[in-house]
Amino acid sequence: MSRSSFSEPESPAASVEGETTMTRTSSSASASSMASLVESVRACGSSGARLDKEYLRRRITIPHRLLAAIAEAIRSRDAGTTAAAAAVEEVGADGPCLGNDDVPEAPMVVFVNSRSGGRHGLVLKNRLQELMGEEQVFDLSMVKPSEFIQYGLACLEKLADLGDFCAKETREKLRIMVAGGDGTVGWVLGCLGELFVQSREPVPPIGIIPLGTGNDLSRSFGWGGSFPFAWRSAVKRSLNKAISGPVCRLDSWHILVSMPEGEVIEPPHSLRYLGESTYTQDGDIEGEVPEKVSCLEGVFYNYFSIGMDAQVAYGFHHLRDERPYLAQGPITNKLIYTGYSCKQGWFFTPCMSDPSLRGLRNILRLSIKKVNCSEWEQIPVPPSVRAIVALNLHSYGSGRNPWGNLKPEYLEKRGFVEAQVDDGLLEIFGLKQGWHASLVMVELISAKHIAQAAAIRLEIRGGQWRDAYMQMDGEPWKQPMSTEYSSFVEIKRVPFQSLIISASDYNDLLDKNYHQGKLFVMHAWCFNWLVSIVSCFI
């Protein structure tokens, strides 16, 4: 990902600084003066203290009459006449066809998950409303992204069809910021994906303000790995980066879960029920297939996993919901994660259960399709693997890259290609016990490379295990398993790609997050080792 070039209009603060620089330079050194001016402007964009709030507001604020129309459309769940009437009332009897408002450079709305990041979302929402107005900041507990897209964006489109030039330009230039964790970002991206399906392009790209625990999507595109300490100025910088940052493409992956009729789960909001249907068999299946299956579907952007890591995440999420006062920030959350992984027995299993029951190969069968191949190929699951991850990005578990930067010789030997976020492939690897996972995260050893795939199918069989734990993009759930019939998880690439704004200074941020995360994981590894030894004697 390349750095974005700075091509913005000059802000008032930048003008003052640029003039000061040029007065110190001789008239004959015009090239040097121009370079100094560019550096001054660049500094304005990278330092929240120098970024003028009113200047930023003018660049992103949507005209009030359009905001009133959007709010009315969402409130009334009507993108047509009611919302148009609200816009007419704002501009007078001549109606919205005038469209004489000044079109902002980068009209922007923000979705805030007030539950993310140790409940920092609420104070962040107040700060964003101060910077850009209340009407452009949506609390996800009150307005869902699907409602904004179905009614708010549709309202702009209808006004544009009526001849409103400002509404048309606002719709085409719109950018969206998401303040939340990976699950929140995935939720918004999934809703925006419906615009591709409905041929309602252009699809607004998104930027990210990281509020979650891992924030792997945020890290991958240069938005940082955690909610910053100097967050008030950082918010302004983030909004400024979102105005002109380059747009990158990201593969999206559709997941379909089919389970025997009558099985009940509590799915995350990233999964939705499709109802009951007959399972269409494709390729070899080992177990029995029920006549009717219940189906759920969703989309993920970073990873899907099954096994012990998902079980730890499931326990953490339930603990956070039951005792929210414990989740006060990313560091606290990671410590809870560490303690919970010990409690679940990932780090100290020999005295807990029959070793033969721990490996995932006892409950699942893995099949893949390679690029330009229509046949399923069964892939053996290593016996020691207790978690299987299908990874799309280069970031997993708070900025780690367990797939690694593989040498060309190894890639050729295994039949792999270099991993990219838009190559149409998922990297599948396995994690053994917690010791192995910890060493992988600090890159002392590598993950268990299993395959690269353009499509994946997991056949899950019941038996000694009653439940399997799964997660995608940080949203876990408990999947019941039948002792009589198989359940299936099928993953394939969505035909369109998601659009994400890349923040500037990507490489610097990635290096910083990598070294900070590596140090934390090493500390956590030592902590797990001590706790596991002590737990054996309790």
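One numbering rule holds for all chains: residues counted from 1, following each sequence as written. Restriction of local features to residues with pLDDT of at least 70 applies here, the model being predicted, together with a cutoff of 80 or more for giving and counting side-chain atom pairs; totals for whole chains, interfaces and linings are based on all residues. Excluding hydrogens and water, the side-chain figures rest on all heavy atoms present in the structure.

Next up on the list: the sheet that holds strand β18 (residues 487-493). DSSP bridges decide pairing: two strands pair if at least two such bridges lie between them. What counts as a helix is a DSSP run of H or I of at least four residues, what counts as a strand is a run of E of at least two, and both are numbered from the N terminus. A sheet is described by the order of its strands in space; here seven strands give the open sequence β7-β8-β6-β18-β15-β10-β11, paired in antiparallel fashion. Taken across any chain shown, the strands that pair with only one partner, and hence form the sheet edges, are β7 (271-277) and β11 (377-379). Neighbouring strand axes in the sheet, compared pairwise and without regard to direction, differ in orientation by 20° on average. As defined by bridge partners, strand β10 (residues 364-369) adjoins β11 across three bridges and the pair is classed as antiparallel. The partner of Ser367 across the bridge, within β11, is Gln378. Every axis in this analysis is a line fitted to C-alpha atoms, fitted for helices over the stretch in contact. Angles between the N-to-C directions lie between 0 and 180 degrees.

Here we come to the confidence of the model for the protein chain. What pLDDT conveys is the predictor's confidence in a given residue, as a value from 0 to 100. Taken as a whole, the protein chain shows an average pLDDT of 77; of its residues, 71% reach a score of 70 or greater. The least confident element of the protein chain is helix α2 (residues 30-46), whose mean pLDDT is 36; the most confident is strand β1 (residues 108-112), at 96. Considering only residues more than four positions removed or in separate chains, one finds that residues 523-538, a stretch of pLDDT under 50, has 18 contacts. Every residue pair with non-hydrogen atoms within 4.5 Å of one another is taken to be in contact.

Any pair of Phe, Tyr and Trp rings, taking the six-membered ring for Trp, is counted once the centres come within 6.5 Å. Such a pair is stacked with planes under 30 degrees apart, edge-to-face with planes over 60 apart, and tilted for the rest. Counted under the stated rule, the structure contains 11 aromatic pairs. Measuring from centroid to centroid gives 5.9 Å for Tyr396 and Phe429, while their planes differ by 80°, and the two rings are edge-to-face. Separated by 33 residues along the polypeptide, Tyr396 in the loop between β12 (387-391) and α14 (408-414) and Phe429 in strand β13 (residues 426-431) bring together distant segments of the chain. By relative accessible area, which is 6% here, Tyr396 ends up buried. The rule is simple: take the accessible area with a 1.4 Å probe, protein chains only, and divide by the maximum for that residue type; under 20% is buried, over 50% is exposed, in between is partly exposed. By relative accessible area, Phe429 is classed as buried at 0%. Members of the aromatic cluster, joined through ring pairs, are Phe111, Phe138 and Phe148. Lying over the aromatic face of Trp376, Arg457 brings its terminal NZ or CZ to 4.9 Å of the ring centre. As a reminder, the over-ring test applies to NZ of lysine and CZ of arginine, requiring each to be within 6 Å of the ring centre and within 35 degrees of the ring normal.

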